[in-house]
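Structure at a glance
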Amino acid sequence: MRPDTKNFKRGAAKALGNERIQANLLGLYNGFDRARLAAADGTPDWELMREQARAIKAHTIDNLDYYLELAASNVEKAGGTVFFAKDADAAAGYVTDLALARGVKLVIKGKSMVSEEMSLNERLTDAGIEPVETDLGEYIIQLAGETPYHIIAPAIHKSREEVTDLFEAKLNSPRYEEITELAAEARRQLRDKFIRADMGITGANFIVAETGTVALVTNEGNGRMCTSMPRIHVAITGMEKIIPSMDDLGIFLRLLIRSATGQRISSYVTTVTGPRHADDEDGPDEFHLVIVDNGRSRLLADPELRESLYCIRCGACLNACPVYRKVGGHAYGWVYPGPIGAIVTPVMTNLADAKDLPFASSLCGACREACPVKINIPRMLLHLRKEVTEGRKYPTERNRSVLEALAMRLWRLSLSSPAALSIANSVARVLQKPLLRKGRIRWLPPPLSGWTPSRTFPAFVRPFRQRWRG
Ligand code: SF4
C-alpha cells in the first residue's frame, strides 16, 4: 500500500461529513471498547499482566538481535526457511519469486498488516498469481478494491447493506438480509479457493524465539486453513513480533484477545513450528518465515520512539481514541491508523509527508490507558510534534521558520524572570494599541493572522502585581 499521508485533513473532513461512516464508527465504542473494559474488569491480574508484558517487551526489544537470531535458528532447526527483508520491496520480491519458482497460481491469504505494507497483492497479481483474502473483513475490502480501515476490523466502516450491494455486484449473489447469510456466501466462495491454493500466506501475531513457533489468533478459522491446506506456507511478520518463550505467549494471548475484542479467548489460536513433520496429520511441505524491517530499525534506533515496537497490534488504542472514532482509518493514509499509527507511520514512511499525524490527537491519554503493554503514546506524539517543528532527526519542510524561532526565543526570554515578564508586558501593551477594539484584538496582521478569523485575541492588561500596588 503506497503511503498517502499528505492528505490527513482532507481525509478527516471527508469522514466527518459522511453520516454513514459516522454511524458505522460508533460500533468501535459500543462494541470493542466496552467489551475490552468489561474483559479487563473481569480479569483479576489484569494490571499485573500489563506490567509483565511491558517488561518482557522492553527486554526483548532491547535484545532484539539476540532473539531474532534465536528464532531464526529454531525455525531452521524445525525445517523452515527464514528470510530477513530489509524493506517492503525485498519482502514482496522474496514471496513473489518463491511463488513463481514453485509454479503457484493461486494464493490464499490470512490477515496480515505487514503484507499491506508490501503491497503484496499487487505484486502477486502483476506476476500472474491470484491472491485471495480469506479473513471476512479483508475479503470484503479486497472485493471493494479498498484498503483496511482498522487493524483488527478492516471493514468496520461498511454497513450490512453496503456489503449486500457489494456481494450482489461482484459475486452476483442474492440480496441477503442477514449478516450470517453474507458470511455463508463468503464461505461458499472461499471453499474452492482453499482447496485449489498452492500457497498460504499469513501474518504472525507472535514468534516464539525459544521454539521458532508462529502463533496466530483468528475467529474464523481461516488462518488455520491457510497454514495447513496448501503445500507451501509463508508467514510474514514485522521484526518486533518476537517474544522469548512459550510462557510469555500465555500472557500475551490473554492480553491481546481481551484488548482486541473483549473475548477471553478467540475461536482459534494456531501455533505452527516449521513444515509438516513425519507424524503430523496435515501441514505444508514447505514453511518460510519472512521477517520484515521496513523502517522498524529507525524506531529501534530512536530511544524516544523505541517503545512503539512493544505494540502487539490489538487495536485497543484506536477504539479508545476520540479522534480515530471520528476521522476513521483511511484519513491516516497508510497501513496503521489511530494513535499508534500516528507514531509509526511518520517514521516508517516519512515525517515530511505525514507531519499532520502526530497532531491528530487531543493528548487525552485514553490510548495509553487502553494499551495492554502500557505504551506511552502521548509522550511519543509530543516528541514527534517537536520533531515536526524543530526537525533535528526527521527534517520536514514545515520545520520552524526563522520568524517563529525568533518569537519562541523572545517568549522564553520574557518568561525567564518576573522583571523580564513585566518588561515584555509593558512593550506588548504599547504595541497592541492600534489593534485594540473594546478591550479585544479582533484582527492580527500576518504572520499571526491565522488566529483572528474565528477567535478574538485577549488584550494584554496591567499585571496583577502592579494593580495590587495601586
Ligand atoms: S499501541 Fe497498544 S493499544 Fe495500540 S494497537 Fe499497539 S498494543 Fe494495542
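Within any chain, residue numbers begin from 1 and follow the written order of that chain's sequence. In keeping with the predicted nature of the model, local features appear solely for residues at pLDDT of at least 70, side-chain atom pairs appear and are counted solely at 80 or more, and the whole-chain, interface and lining totals rest on all residues. Hydrogen atoms and water are omitted, and side-chain values are computed over all heavy atoms in the structure.

Before going further, it helps to examine the domain arrangement of the protein. One can read the domain layout of the protein as domain 1 (43–296) and domain 2 (402–469). Residue ranges for the domains trace back to a domain assignment, done automatically or taken from a database. Averaged C-alpha coordinates put domain 1 and domain 2 at centres separated by 56 Å.

Before going further, it helps to examine the packing of helix α2 (residues 19–41) against helix α12 (residues 246–261). Two elements in contact, α2 and α12, have axes whose closest approach is 6 Å; the angle formed by their N-to-C orientations is 140 degrees. Regarding the angle of α2 to α12, the classification is oblique. On α12, the residues touching F32, A35, R36 and A39 of α2 are R258, S259, A260 and T261. Here the nonpolar group is Ala, Val, Leu, Ile, Met, Phe, Trp, Tyr, Cys and Pro; Asp, Glu, Lys and Arg are the charged ones; every other residue, Gly included, is treated as polar. Residues belonging to the contact of α2 with α12 are distributed by class as follows: four nonpolar, two polar and two charged. Throughout, an axis means a line fitted to C-alpha atoms (over the contacting stretch in the case of helices), and angles, computed between N-to-C directions, take values from 0 to 180 degrees. Only runs of H or I of at least four residues qualify as helices and only runs of E of at least two qualify as strands under DSSP, and these elements are numbered from the N terminus. Should an angle lie under 35 degrees it is considered roughly parallel, over 145 roughly antiparallel, and from 65 to 115 roughly perpendicular; all remaining angles are considered oblique. Only heavy atoms matter for contacts: two residues are in contact if any of them lie within 4.5 Å across the pair.

Note: strands within a sheet are paired through backbone hydrogen bonds, in either parallel or antiparallel orientation. The criterion for strand pairing is that DSSP finds at least two bridges linking the strands in question. Judged by pairing direction, the sheet is mixed, and its four strands sit side by side in the order β8-β5-β6-β9 without closing on themselves. Either end of the sheet is taken by a strand with one partner, and the two such strands are β8 (242–243) and β9 (268–272). With three bridges joining them, strand β5 (residues 206–208) and strand β6 (residues 213–218) adopt antiparallel strand pairing. Counterpart to I207 in the pairing with β6 is V214.

This part is about the packing of helix α3 (residues 46–62) against α12. Running from N to C, α3 and α12 point in directions that differ by 120 degrees, and their axes come no closer than 10 Å. When the axes of α3 and α12 are compared, the pair comes out oblique. For the crossing formed where α3 meets α12, the hand is left-handed. Contacts between α3 and α12 involve W46, M49, R50, Q52, A53, I56 and K57 from the first element and D248, I251, F252, R254, L255, R258 and S259 from the second. A breakdown of the residues in the contact of α3 with α12 according to their chemical character gives seven nonpolar, two polar and five charged. Left-handed is the label given to a crossing in which the near helix is rotated counterclockwise from the far helix by less than a right angle, and right-handed is the label when the rotation is clockwise.

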